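Tertiary structure, described
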Amino acid sequence: MDLNLIAFWSLSTIAVLSALGVVFFRNIIYAVLSLISTLIAISGLFFNLGAELIGALQILIYAVAIVVFYVLVISTVPKYEGEAIDLKYSLLSTPFAFILFMELAYVSVYGLWVSGTGVFGPAMLNQVSNVKAVATMLFTKYLFPFEVASVILLVAMIGAIVLGKKDIVED
Amino acid sequence: MSVSYEYYLVLSGLLMVIGLIGIIIRKNIIALLISTELMLNSVNIAFVAFDIKLQDVAGQVFVFFILTIAAAEAAIGLGLIMAIYRMKRDVDVTKISELKG
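Here's what I pulled together on the structure shown here. What you see is a predicted model; the values in this text were computed from it and never measured. (Residues numbered from 1 in each chain as written. Chains lettered and ligands numbered in written order. Predicted model: local features only at pLDDT ≥ 70, side-chain atom pairs only at ≥ 80, totals over all residues. Heavy atoms only, no water.)

Attention now goes to the overall build of chain B. Within chain B, the regular secondary structure consists of three helices and zero strands. The linear arrangement of helices and strands in chain B, starting from the amino end, is α-α-α. The globule rule puts the C-alpha radius of gyration for 101 residues at 13 Å, and the 17 Å found for chain B is more than 25% above it. With the C-alpha coordinates aligned to their principal axes, the bounding extent of chain B is approximately 50 × 25 × 25 Å. Evaluated residue by residue, chain B yields a buried proportion of 62% over its 101 residues. A sequence separation of at least 24 residues applies to 55% of the contacts in chain B between residues at least 6 apart. Accessible surface for chain B amounts to roughly 3700 Å². Of this, 70% is attributable to carbon and sulfur atoms. A gap of 15 Å separates the mean positions of the 8 positive and 8 negative side-chain charges of chain B. (Helix = DSSP H or I, 4+ residues; strand = E, 2+ residues; numbered from the N terminus. Rg over C-alpha atoms; globule rule 2.2 N^0.38 Å. Buried < 20%, exposed > 50% of the residue type's maximum accessible area, 1.4 Å probe, protein only. Contact = heavy atoms within 4.5 Å. Areas by Shrake-Rupley, 256 points an atom, 1.4 Å probe, with all protein chains shown as cover. Lys, Arg positive; Asp, Glu negative; His and termini not counted. Charge placed at Lys NZ, Arg CZ, Asp CG, Glu CD.)

Below is the structure:
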């Protein structure tokens, strides 16, 4: 059996099981910990697909930076006492989930007939690495969106500072 | 590639549906944000899988942008949660009903 296949099945099993844990754990700390498990499994899947840069960024940004935000807020907000899962909405969620899955399946089947239209085939990626290919694309064709993304991060930073000020809430 | 890309798309769809169910059924507002992160990650998987199939790298560039937006969203969302907590002393979504007409 191929090592690639073993990696895919084990990592995707971990990802789906811990995603279920994120949704169904009553304690929010357990939910965040299984979110970390999901993110690391997804990063392994990126490495398995051959997208090394995205896999490394997934660990660096998601599994470290963003999760630290969540842990910080959870440690500030005291323990949540209400019921974790609203039973009234659990039945309601089934048709919506089914509709969404059908939509995604339609889009995926629609993409079945297109393949290999780009220039970065396996032969090309043997010459230039994946990191170099993504970075070249990022800093030439997508340079303007890259700059806009940095402005969005600046706006988010200022917004978080303003929202976090003590005197924003009057009563 | 020995694993065909359809498997990755099925995994991506499963994670997206799990995230949507989490958003609908949870009542803790932090859990809603965490479920949103799951949905963003499923989109990332679909982008990279289609990238491998189309032999392109544009999708990976977009995954980079999604990571940026996710970081901004986490910062703003958690700042809002802190402001809501200071005002209401609670993080239950059913208790936040100031805008109810």
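After that view of the structure, there is still more to cover.
Now for the overall build of chain A. Along chain A, the regular secondary structure elements total seven helices and zero strands. Secondary structure of chain A in N-to-C order comes out as α-α-α-α-α-α-α. Computed over its C-alpha atoms, the radius of gyration of chain A comes to 21 Å, more than 25% above the 16 Å expected for a compact globule of 171 residues. Each principal axis of the C-alpha distribution contributes one length, and for chain A these read about 65 × 40 × 30 Å. Counting only residues that meet the buried cut, chain A has 36% of its 171 residues in that class. Put simply, 49% of the contacts in chain A that link residues at least 6 apart link residues at least 24 apart. Accessible surface, chain A as shown: approximately 10500 Å² in total, 74% of it carbon and sulfur.

Before going further, it helps to examine the packing of aromatic side chains. In this description, a pair of aromatic rings is defined by centroid distance and the angle of the planes. Applying the stated criterion across every chain yields a total of twelve aromatic pairs over all chains. On the numbers, 5.1 Å between centres and 75 degrees between planes, the contact of Phe139(A) with Phe146(A) is edge-to-face. A centroid spacing of 6.2 Å and a plane angle of 70 degrees characterise the contact between Phe64(B) and Phe65(B), whose relative ring orientation is edge-to-face. Judged by relative accessible area, which is 11%, Phe65(B) ranks as buried. Members of the aromatic cluster, each reached through a chain of ring pairs, are Phe139(A), Tyr142(A), Phe146(A), Phe47(B), Phe62(B), Phe64(B) and Phe65(B). (Phe/Tyr/Trp six-rings, centres within 6.5 Å; stacked < 30°, edge-to-face > 60°.)

Next up on the list: the packing of helix α2 (residues 28–49) of chain A against helix α3 (residues 52–76) of chain A. All names here are of chain A. Close contact between α2 and α3 brings their axes to 8 Å; oriented N to C, the two are set at 175 degrees. On the basis of the axis angle, α2 is roughly antiparallel to α3. Judged by residue contacts, Ile 28, Ile 29, Val 32, Leu 35, Ile 36, Leu 39, Ile 40, Ile 42, Ser 43, Phe 46 and Phe 47 of α2 engage Glu 52, Ile 54, Gly 55, Ala 56, Gln 58, Ile 59, Tyr 62, Ala 63, Val 67, Tyr 70, Val 71 and Ile 74 from α3. Residues belonging to the contact of α2 with α3 are distributed by class as follows: 19 nonpolar, three polar and one charged. (Axes fitted to C-alpha atoms, helices over the stretch in contact; angles between N-to-C directions. Parallel < 35°, antiparallel > 145°, perpendicular 65-115°, else oblique. Nonpolar A, V, L, I, M, F, W, Y, C, P; charged D, E, K, R; others polar.)

On to helix α2 (residues 29–54) of chain B, then. Residue and element names in this part refer to chain B. The end-to-end C-alpha separation of α2 is 38 Å, in line with the 38 Å expected for 26 residues at 1.5 Å each. Here α2 lies mainly inside the structure; 19 of its 26 residues are buried. Gln 55 sits one or two positions beyond α2 and adopts a positive phi of about 55 degrees. (Expected span 1.5 Å × (residues − 1).)

The next subject is the environment of Asn27(A). Residues and elements named next belong to chain A. Looking at where Asn 27 falls in the secondary structure, it is placed in the loop between α1 (3–24) and α2. What makes Asn 27 partly exposed here is its relative accessible area of 31%. Along the chain, Asn 27 and Lys 79 lie 52 residues apart, while their C-alpha atoms are 8.7 Å from each other.

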